[in-house]
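Each chain, written out:
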Amino acid sequence: MNWITNYVRPRINSIFSKRDMPENLWTKCDECGTMLFHRELSDNLNVCTNCDHHMVITPRERFNALFDGGIFTEVEVPKPIADPLQFRDQKRYPDRLKSAQKSTGETDAMLVAEGEMGRTPIVACAQDFSFMGGSMGMYVGNAIIAAAERAIKLKRPLILFSAAGGARMQEGILSLMQMPRTTVAVNLLKEANLPYIVVLTHPTTGGVTASYAMLGDVQIAEPNALICFAGPRVIEQTIREKLPEGFQRAEYLLDHGMLDRVTHRTALRDELVSILRMLMGMEPPIKGDLPAPDLTPASSKDVPETSETT
Amino acid sequence: MNYLDFEKPLAEIEGKAEELRALARGNTEMDVEAEAKALDKKAQDLLKDLYKSLTPWRKCQVARHPDRPHCRDYINALFTEYTPLAGDRNFADDHAVMGGLARFNDQPVVVIGHEKGNDTKSRIEHNFGMARPEGYRKAVRLMDMADRFGLPVITLVDTPGAYPGKGAEERGQSEAIARSTQKCLEIGVPLISVIIGEGGSGGAVAFATADQLAMLEHSIYSVISPEGCASILWKDAERMREAAEALRLTAQDLEKLGVCDRIIPEPMGGAQRDKAATIAAVGQAIDAMLRKHKDMDRKKLIAARRKKYLDLGAKGLAA
């Protein structure tokens, strides 16, 4: 790390920090224990090249891979009131928040962006599990509402990548109230007839699963992601028996009819492009490396592109 | 009478008075009435003192008191022609959730609520008020019916939370809760909700997302139980008193935060000490809340409900 990483704002920071020599060139897969070369790992979107284990990926890394050329514009999220309950456990909530902001370089647990994915205009939001367990508080609620409003304004579909331990206890009832609040956002999209696609990543649990993360038009999960309302430990304590292997994992939910698909992270982008273009009544996507932007006008039937100019 | 731990001194005094009277019944020459009356007075003063300012944790205890009136009591006393409607048309009928058609002051309505049960047998039957997906799906079905036929919906919330079980998860507990909350936000008829005891997390939100939410004076509504919060944040479930304090889960705090629209006063010593008066007070509150929505049209209702939730929490406790 050099001086610039400490003094430059996070967004600029992320451009530079890529060129940094990582302190450790090797990452150990937490599933199979294989040592993975960092570049190889990040090229594979943090999926273990040996066992296909999907490791944590930050919203920014995900967006870099998702949007064409890694280009996206962040959508501004209205800041909620800080520490509404003056919550204090062993630490003060503002202190917990500050340390999470420092370690992740993000404002809160959700990043919202707009851009093009396979030439398909979208709005996307991604939850950050490394930020206080991705927990849903007022900021996350505001982010989803802002994303939905932006999508409606631009007549674009919304893709949401979920990852959270649940509601943010430090915001008490106001975190719980994000369940109805985010559901209003989903209903607004529904009314505007815009696709809302949820990609559930490891782990998505609690109040998050019981609201916006389960209300998508299409529900996709990453392999082996834990998706549940009550966590396995709570259930084991309640029913006092061991739970079967793979319980509440993505494949298990798929088997039980709770998901449309379980899709490998590296195949996700193409799949999302394909699904969205069909739902939006657009022409088939162009596979592989995209040619230079097509400048022939009018003949294109791409709905959002034309609607943007009107 | 079940006494809570902080009511122990009260239990002693009331017990003594009771004993005296029992003695007197066996022996007609003894005159204990004056002494018993003095004890009664002492008990009354103590009760007043105890309930004057309950700590949040004590409120949790009162909210969970087994002798409080439950959903069934309210339905029996406040509604006529109650016709329970069962089943989610998919899998089962959930006995933790009761609901159906009824009349409230002669007006046809749909009433839905969590029932906890009041003895071991009925508690097990009602699964302690912890609903499974079928319960939420039944509620969705009933709300749809209310919407089609223009009947107001009244929900009575009293649940420790949604049931954390294997089958419940298999059948999509989270999806069922999400759909129920979504339905609450979509129906074009008035939705009035009263928290009569415990409003436990997502299991409560699924019914309590309403045009107006009333809470009984000693009821609670929280994102997590104080015990659960203490075991996660303090790593010690025994610190629930501090957690209850920090979570701001009392009706009084929730009113300040704009989550609760109306507090319904309870009799001295809590709802469990005078069920009839509590039920009557809830009836009056429901009546008053329903009146507010008498001539609202569908679109306005839905828009106002949405706005209520979108605006919620903008000011924090300072509101």
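Residues numbered from 1 in each chain as written. Chains lettered and ligands numbered in written order. Predicted model: local features only at pLDDT ≥ 70, side-chain atom pairs only at ≥ 80, totals over all residues. Heavy atoms only, no water.

A. Layout of the overall build of chain A. When you go through chain A residue by residue, the secondary structure sums to twelve helices and ten strands. Burial analysis of chain A (310 residues in total) assigns 52% to the buried set. Across chain A, contacts joining residues at least 24 apart in sequence account for 66% of those joining residues at least 6 apart. Within the structure as shown, chain A displays about 14800 Å² of accessible surface, and the carbon and sulfur contribution to it stands at 52%. (Helix = DSSP H or I, 4+ residues; strand = E, 2+ residues; numbered from the N terminus. Buried < 20%, exposed > 50% of the residue type's maximum accessible area, 1.4 Å probe, protein only. Contact = heavy atoms within 4.5 Å. Areas by Shrake-Rupley, 256 points an atom, 1.4 Å probe, with all protein chains shown as cover.)

B. Representation of the nonpolar core. If you look at the biggest cluster of nonpolar residues, it comprises 117 residues, and the most contacted ones within it are Tyr212 of chain A together with Tyr221 and Val259 of chain B. Leu78, Val109, Leu156 and Ala214 of chain B belong to the second largest nonpolar core, which has 25 residues in total. (Core = buried A, V, L, I, M, F, W, Y, C linked by side-chain atoms within 4.5 Å.)

C. Quick look at the pattern of salt bridges. Evaluation of the coordinates by the stated rule reveals 37 salt bridges over all chains. Among the ionic pairs, glutamate 106 of chain A bridges to arginine 60 of chain A, the shortest N-O distance being 2.6 Å. Here glutamate 106 of chain A, found in the loop between α5 (93-104) and β4 (110-117), pairs with arginine 60 of chain A, found in helix α4 (residues 59-66); they are 46 residues apart in sequence, far enough to count as distant. With respect to class, glutamate 106 of chain A is no different from arginine 60 of chain A; both count as buried. As a salt-bridge pair, glutamate 186 of chain B and lysine 183 of chain B come within 3.6 Å of each other at their nearest N and O atoms. Of this pair, glutamate 186 of chain B and lysine 183 of chain B are both found in helix α8 (residues 173-186), three residues apart, which corresponds to roughly one turn of the helix. We classify glutamate 186 of chain B as partly exposed; its relative accessible area is 23%. (Salt bridge = Lys/Arg side-chain N within 4 Å of Asp/Glu carboxyl O.)

D. Spatial organisation of the packing of aromatic side chains. Residue and element names in this part refer to chain A. Enumeration according to the criterion identifies eight aromatic pairs over all chains in this entry. Ring centres of phenylalanine 63 and phenylalanine 67 lie 5.4 Å apart, and the angle between their planes is 80 degrees; on these two criteria the pair is classed as edge-to-face. For the pair phenylalanine 63 and phenylalanine 67, a shared accessibility class is recorded, and that class is buried. Following the ring pairs from residue to residue traces out a cluster consisting of Phe63, Phe67 and Phe72. (Phe/Tyr/Trp six-rings, centres within 6.5 Å; stacked < 30°, edge-to-face > 60°.)

E. Quick peek at the interface of chain A and chain B. At the interface, 49 residues of chain A touch 47 residues of chain B. Interface area for chain A against chain B, summed over the two sides, is near 4200 Å², with a carbon-plus-sulfur share of 70%. Among the residues of chain A in contact with chain B, Met169, Ile173 and Phe229 of chain A are the three that bury the most area, contributing 16% of the side total. Inspection of the chain A/chain B interface yields two salt bridges. One salt bridge in this structure joins lysine 190 of chain A and glutamate 186 of chain B, with 2.9 Å as the shortest N-O distance. Remark: the boundary between chain A and chain B carries eleven residue pairs in polar contact (both at pLDDT 80 or more). (Buried area = accessible area lost by both parts, 1.4 Å probe. Polar contact = N/O pair within 3.5 Å; in protein donor to acceptor, adjacent residues only side chain to side chain.)

F. Broad picture of the pairing of strand β8 (residues 218-221) of chain A. All names here are of chain A. Both faces of β8 are covered, namely the face carrying Val218 and Ile220 and the face carrying Gln219 and Ala221. Where strand β7 (residues 196-205) lies against β8, four bridges are found, and the strand directions are parallel. Each bridged residue has a counterpart across the sheet, and for valine 198 the counterpart in β8 is glutamine 219. Relative to strand β10 (residues 261-262), β8 runs parallel, the two being bridged by two bridges. Considered in β10, the bridge of alanine 221 is made with valine 262. (Pairing = 2+ DSSP bridges.)

G. The packing of helix α4 (residues 71-78) of chain B against helix α13 (residues 275-292) of chain B, seen in detail. All names here are of chain B. Interhelical geometry of α4 versus α13 gives an angle of 70 degrees and a closest axis separation of 10 Å. Classed by the angle they form, the pair α4 and α13 counts as roughly perpendicular. For the element pair α4 and α13, the recorded crossing hand is right-handed. For the pair α4 and α13, the contacting residues are Asp73, Tyr74, Ala77 and Leu78 in the first and Lys275, Thr278, Ile279, Val282, Gly283 and Ile286 in the second. Taken together, the residues that form the contact of α4 with α13 break down as six nonpolar, two polar and two charged. (Axes fitted to C-alpha atoms, helices over the stretch in contact; angles between N-to-C directions. Parallel < 35°, antiparallel > 145°, perpendicular 65-115°, else oblique. Left-handed = near helix turned anticlockwise from the far one by under 90°. Nonpolar A, V, L, I, M, F, W, Y, C, P; charged D, E, K, R; others polar.)

H. Layout of the packing of helix α8 (residues 178-191) of chain A against helix α14 (residues 298-311) of chain B. Remark: α8 of chain A packs on α14 of chain B, axes separated minimally by 8 Å, with the N-to-C direction vectors making an angle of 130 degrees. On the basis of their axis angle, the class for α8 of chain A and α14 of chain B is oblique. Handedness of the crossing formed by α8 of chain A with α14 of chain B: left-handed. Along the contact surface, α8 of chain A presents Pro180, Arg181, Val184, Asn187, Leu188 and Glu191 of chain A, while α14 of chain B presents Arg306, Tyr309 and Leu310 of chain B. The residue makeup of the contact of α8 of chain A with α14 of chain B, split by class, is five nonpolar, one polar and three charged.

I. Local environment of helix α3 (residues 56-63) of chain B. Residues and elements named next belong to chain B. Judged by how many residues are buried, α3 sits mostly within the fold: seven of eight residues are covered. All of the buried residues in α3 are Pro56, Trp57, Lys59, Cys60, Gln61, Val62 and Ala63. Buried-residue contacts for α3 involve α2 (33-52), β5 (191-200), β7 (220-222), α10 (226-234), α11 (240-247) and α12 (251-256).

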